[in-house]
Amino acid sequence: MAEAIKVPTMAEYMAQGKKPEVLFWVGCSGSFDDRAKKITKAFVKLLHEAKVDFAVLGTEESCTGDPAKRAGNEFLFQMQAATNIEVLNGYEIKKVVTACPHCFNTLKNEYPALGGNYEVMHHTTFLKSLLEEGRLKVEGGKFKGKRITFHDPCYLGRANNVYEAPRDLLRKLEVELVEMRKCKSNGLCCGAGGGQMFKEPEPGNKDVNIERTEQAMEVKPEIIAAGCPFCNTMMTDGVKGKNQEGKIEVMDVAEMIANAHDL
Amino acid sequence: MGQSKMVKRPFSGFLHIIVYLGFIIINIEVLEILIDGIFGTHRILSFLGAGYNFLIATFEILALLVLLGVIIFWLRRNVTNIYRFLGNELKGWPKNDANYILYFEMVLMILFLTMNGADYQLQLNGADHYAQNAGIAGSFPISQFLLPWFEGFSNATLIIIERTAWWLHIVGILIFLNYLYYSKHLHILLAFPNVYLSKLTPQGEFDNLEAVTNEVKLMMDPDADPYAMPAEGAEDEVPEKFGASDVMDLNQVQLLNAYTCTECGRCTSECPANQTGKKLSPRKIMMDTRDRLEEVGNIINKKGSFEDDGKQLLDNYILREELWACTTCNACVEACPIGIDPLSIILDMRRYLVMEQSAAPSDLANAMTNIENNGAPWPYNQMDRLNWAKEN
């Protein structure tokens, strides 16, 4: 696969006088983090596969301000929100999909009061709707029968009550879905939220991602499925920390679907 | 019954339902006890006949179940090693407080059953004032087993036992009601308004500070005059303080949360930071807030108004290390059966640290500088944001 994938931008759409069906909000991780970029590309491939008319903001996108807000920097958050809302409203965006639960939560819940009203979906919910509309087919392929556990991202699950969409997608892959002791509304955080991703943890006797990885290992999965770039990083580090590389993989749900399709 | 979140932990949740139902239902009997006491009647509600027998039998069974439940609670707290009852913040008064409540309830239930047993024996003996023409008033499925203890007691002795139990029971209840205000047990009253006032929006939605919104709007307004004179009378206005460093900066719901907390520790046992040995404990955040509020209240009571005592909630009670350990995962909020939100206090205190003191941990401060400069928490150029599409 040498050729670059086609990723139209809003600016290009605007120049052609067209509007896309949905804006794909890539997010900082999805744009810059080497691991998360793979998720971004996998999701874009699925969008193409389902013939979704989408665009990204590209260089006009900027951090939603989530880490700043949760670290206590309300000022920086609202500055980011104000500039992003200017851009989004300028393009008359109605529908947004993102592969990052932190962006999802902020855009969906915290932007409306500041003048940004959009229908915001997490990519797992969006993929599920494509499936239901018959635009995307999900088949087991190489994951059929594999033992998989889903790690609930806090900002998708508890924060917004999305528990079933990612699981429904995994079931479509005909995997053996096993639940951790702490799952859904009781799920344990990966340790990255609230700005922790960008700082050293406070003194303690263990890192949160190790604790969570141990919980995952209790159910002996071949793959830990995730729906968040931060969780993905934390769980990947956790698996390395427990010397389970090669035995347990950490994959985003979108990557798994794209892989099953050999995209 | 309003207990759905309690049974997320089935065993303690089930026991709590029993004690809760016992508390509510046995209170009907307290009404009769009070009327009898004031008017010198005996079992005034007994005209209800079979219905009355059913009620008394229900009270007795509940009293026994409450007694057993409370004993199990005591064992859980004092004998078994349950993580959430071992926290540092429970040492001293909070642990004693919890046990006093349990002792109170044990004694009250024993007195209630003793009173009924002696009363039943007196009715059987046909004693004046106790015996009724219509036969035995009440049904005593539990206290009947106390009768062998009373064998050979004269009516006079039985009356002393019954009256003593009656008086201790009612006085005990009245003392207990007054004790609530010094105790974590106040949740039996405040849980109701607290749940009513709890947050209904998605847990992930944090409030947007309006004062900040106004500042940002002003900053982005090309027509705003940077040299504008303040509006008439505006010189006297105190600029809005961002975030919270003391209880005065918290809102009423947050303060109600603090008084409502009954220190069960479900929040702390679900907290990822606490589970991995960090200092943060959401329960301690609530207890500290309440303790500081009490302290501020005492100063106001003594001096008429608040005077600076050189202390504040931040640093003197809640340490920065605790605040920075939070992942904002909402597990504590989800765990609380009565809708307490420790996270909102943590966030308000972080806001104070960052916006009033610029005191974020340096790594985090770097990430925020990056967001300001190049729109991402890492130092990547915003113009490179779409490079991933060209990479393979």
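Sequence order as written defines the numbering, with residues in each chain counted from 1. Chain letters start at A and ligand numbers start at 1, both assigned in the order the entries are written. With the structure being a predicted model, the display of local features is reserved for residues of pLDDT at least 70 and the display and counting of side-chain atom pairs for 80 or more, all residues being used for whole-chain, interface and lining totals.

Would you mind going over the overall build of chain B with me for this structure?
Strands are runs of DSSP state E lasting at least 2 residues, helices are runs of H or I lasting at least 4, and numbering of each runs from the N terminus. Within chain B one finds 15 helices and zero strands. Radius of gyration means the value over C-alpha atoms here, while the globule rule gives 2.2 Å times the residue count to the 0.38 power. The globule rule puts the C-alpha radius of gyration for 392 residues at 21 Å, and the 29 Å found for chain B is more than 25% above it. Projecting the C-alpha coordinates of chain B onto the three principal axes gives extents of approximately 95 × 60 × 35 Å. When burial is assessed residue by residue, chain B has 36% of its 392 residues classed as buried. Each residue is represented by a C-beta atom placed from its backbone, and any two residues with such atoms within 7 Å are regarded as in contact. Within chain B, residue pairs in contact and separated by at least 24 positions form 76% of the contacts whose partners lie at least 6 positions apart. A residue is called partly exposed when the number of other C-beta atoms within 10 Å of its own lies between 12 and 20, exposed at 12 or fewer, and buried at 20 or more, with C-beta atoms placed from the backbone.

Mind showing me how you'd approach the nonpolar core here?
Generally speaking, nonpolar side chains in soluble globular proteins are found buried as a group. A set of buried residues qualifies as a nonpolar core if it consists of Ala, Val, Leu, Ile, Met, Phe, Trp, Tyr and Cys joined through C-beta atoms within 7 Å. If you look at the biggest cluster of nonpolar residues, it comprises 132 residues, and the most contacted ones within it are Leu 46, Leu 173, Ala 225, Ala 254 and Ile 257 of chain A together with Met 349 of chain B. Residue contacts for Met 349 of chain B: discarding those within four places in its chain leaves Gly 243, Ala 244, Leu 314, Ile 318 and Leu 323 of chain B. Core analysis: the second largest hydrophobic core is formed by 28 residues, Val 19, Ile 56, Val 66 and Leu 122 of chain B among them.

What's the story with the interface of chain B and chain A in this structure? I'm lost.
Interface size, as often reported, equals the accessible area lost upon joining of the parts. Taken together, the contact between chain B and chain A spans 56 residues of the former and 59 residues of the latter. Contributions of two or more residues to the side of chain B that touches chain A are made by helix 6 (210-220), helix 9 (272-275), helix 12 (320-324), helix 13 (331-335), helix 14 (342-356) and helix 15 (362-374) of chain B. Three categories are distinguished: nonpolar for Ala, Val, Leu, Ile, Met, Phe, Trp, Tyr, Cys and Pro, charged for Asp, Glu, Lys and Arg, and polar for the others, with Gly belonging to the last. Its residues assigned to classes, the side of chain B that touches chain A shows 31 nonpolar, 14 polar and eleven charged.

What exactly am I supposed to notice about the sheet that holds strand 4 (residues 119-122) of chain A here?
The strands making up a sheet associate through hydrogen bonds between their backbones, and the pairing can be parallel or antiparallel. Residue and element names in this part refer to chain A. Between any two strands, pairing holds if DSSP finds at least two bridges. Sheet architecture is open: four strands sit in the order 2-1-3-4, paired in parallel fashion. Pairing within the sheet leaves two strands with one partner each, and these edge strands are strand 2 (54-55) and strand 4. As defined by bridge partners, strand 1 (residues 22-25) adjoins strand 3 (residues 95-98) across three bridges and the pair is classed as parallel. Residue pairing across strands places Phe 24 opposite Val 97, the latter belonging to strand 3. To obtain each axis, a line is fitted to C-alpha atoms, and for helices this fit is confined to the stretch in contact; angles are then taken between N-to-C directions over 0 to 180 degrees. With respect to the sheet, helix 6 (residues 101-110) is in contact with strand 1, strand 3 and strand 4, its orientation differing from that of strand 4 by roughly 160°.

I tried to follow the domain arrangement of chain B on my own but got confused; where do I start?
Residue and element names in this part refer to chain B. All domain edges in this entry derive from an automatic or database-based domain assignment. As assigned here, chain B comprises domain 1 (6-182) and domain 2 (196-201 + 241-374). One C-alpha centre belongs to domain 1, the other to domain 2, and the line joining them spans 39 Å. Its residues placed into classes, the side of domain 1 that touches domain 2 shows five nonpolar, one polar and two charged.

It is not clear to me how the packing of helix 5 (residues 74-90) of chain A against helix 6 of chain B should be interpreted in this structure. Could you clarify?
Packed helices, taken two at a time, are described by the angle their axes make and the gap between the axes. Viewed as axis vectors pointing N to C, helix 5 of chain A and helix 6 of chain B meet at an angle of 50°, and their least axial separation amounts to 9 Å. Classed by the angle they form, the pair helix 5 of chain A and helix 6 of chain B counts as oblique. At the point where helix 5 of chain A passes helix 6 of chain B, the crossing takes the right-handed sense. Contacts between helix 5 of chain A and helix 6 of chain B pair Glu 74, Phe 75, Gln 78, Met 79 and Ala 82 of chain A from the former with Val 212, Thr 213, Val 216 and Met 220 of chain B from the latter. Of the residues belonging to the contact of helix 5 of chain A with helix 6 of chain B, the class tally is six nonpolar, two polar and one charged. Here is the rule for angles: anything less than 35 degrees is roughly parallel, anything more than 145 is roughly antiparallel, 65 through 115 is roughly perpendicular, and the remaining ranges are oblique. Handedness of a crossing follows from how the near helix is turned relative to the far one, being left-handed for an anticlockwise turn of less than a right angle and right-handed for a clockwise one.

Mind showing me how you'd approach the packing of helix 10 (residues 282-303) of chain B against helix 14 of chain B here?
All names here are of chain B. Interhelical geometry of helix 10 versus helix 14 gives an angle of 75° and a closest axis separation of 9 Å. One finds that helix 10 runs roughly perpendicular with respect to helix 14. Between helix 10, through Pro 282, Ile 285, Met 286 and Thr 289, and helix 14, the contact on the second element is made entirely by Pro 342, Ile 345 and Ile 346. Classifying every residue of the contact of helix 10 with helix 14 gives six nonpolar, one polar and no charged.

Sorry, what's going on with the domain arrangement of chain A here?
All names here are of chain A. According to the domain assignment, chain A consists of domain 1 (10-131) and domain 2 (138-260). The interface is formed by 27 residues belonging to domain 1 together with 30 residues belonging to domain 2. Taken together, the elements giving at least two residues each to the side of domain 1 that touches domain 2 come down to helix 2 (27-32), helix 3 (34-49), helix 4 (66-71), helix 6 and helix 7 (123-132). At eight residues, helix 3 tops the list of elements feeding residues into the side of domain 1 that touches domain 2. Grouping the amino acids of the side of domain 1 that touches domain 2 by side-chain chemistry returns 13 nonpolar, eight polar and six charged.

Where do I start with the confidence of the model for chain B in this structure?
Low pLDDT means the predicted atomic positions in that stretch should not be read closely. Per residue, pLDDT measures the predictor's confidence, with a range of 0 to 100. Residues with a pLDDT of 70 or more make up 99% of chain B, whose mean pLDDT is 93. Predicted as a complex, the structure gets a pTM of 0.93 and an ipTM equal to 0.94.

Got a minute to help me understand the sheet that holds strand 7 (residues 223-226) of chain A in this structure?
Residues and elements named next belong to chain A. Strand order in the open sheet formed by four strands is 6-5-7-8, with parallel pairing between adjacent strands. Of all strands in the sheet, those bounded by a partner on one side alone are strand 6 (176-177) and strand 8 (249-252). With three bridges joining them, strand 5 (residues 147-150) and strand 7 adopt parallel strand pairing. Paired with Thr 149 across the bridge in strand 7 is Ile 224.

How do you make sense of the pairing of strand 8 of chain A when you look at a structure like this?
Every regular strand shows the same layout, with side chains that alternate between the two sheet faces. Residue and element names in this part refer to chain A. Strand direction decides the pairing type here: strand 7 and strand 8, joined by four bridges, are parallel. Within strand 8, the position partnered with Ala 226 by the bridge is Asp 252. Whether a crossover is right-handed depends on one test, that the path from the first strand over the helix to the second runs clockwise when the strands point away from the viewer. The β-α-β motif built from strand 7, the intervening helix 10 (residues 229-241) and the parallel element strand 8 has right-handed crossover chirality.

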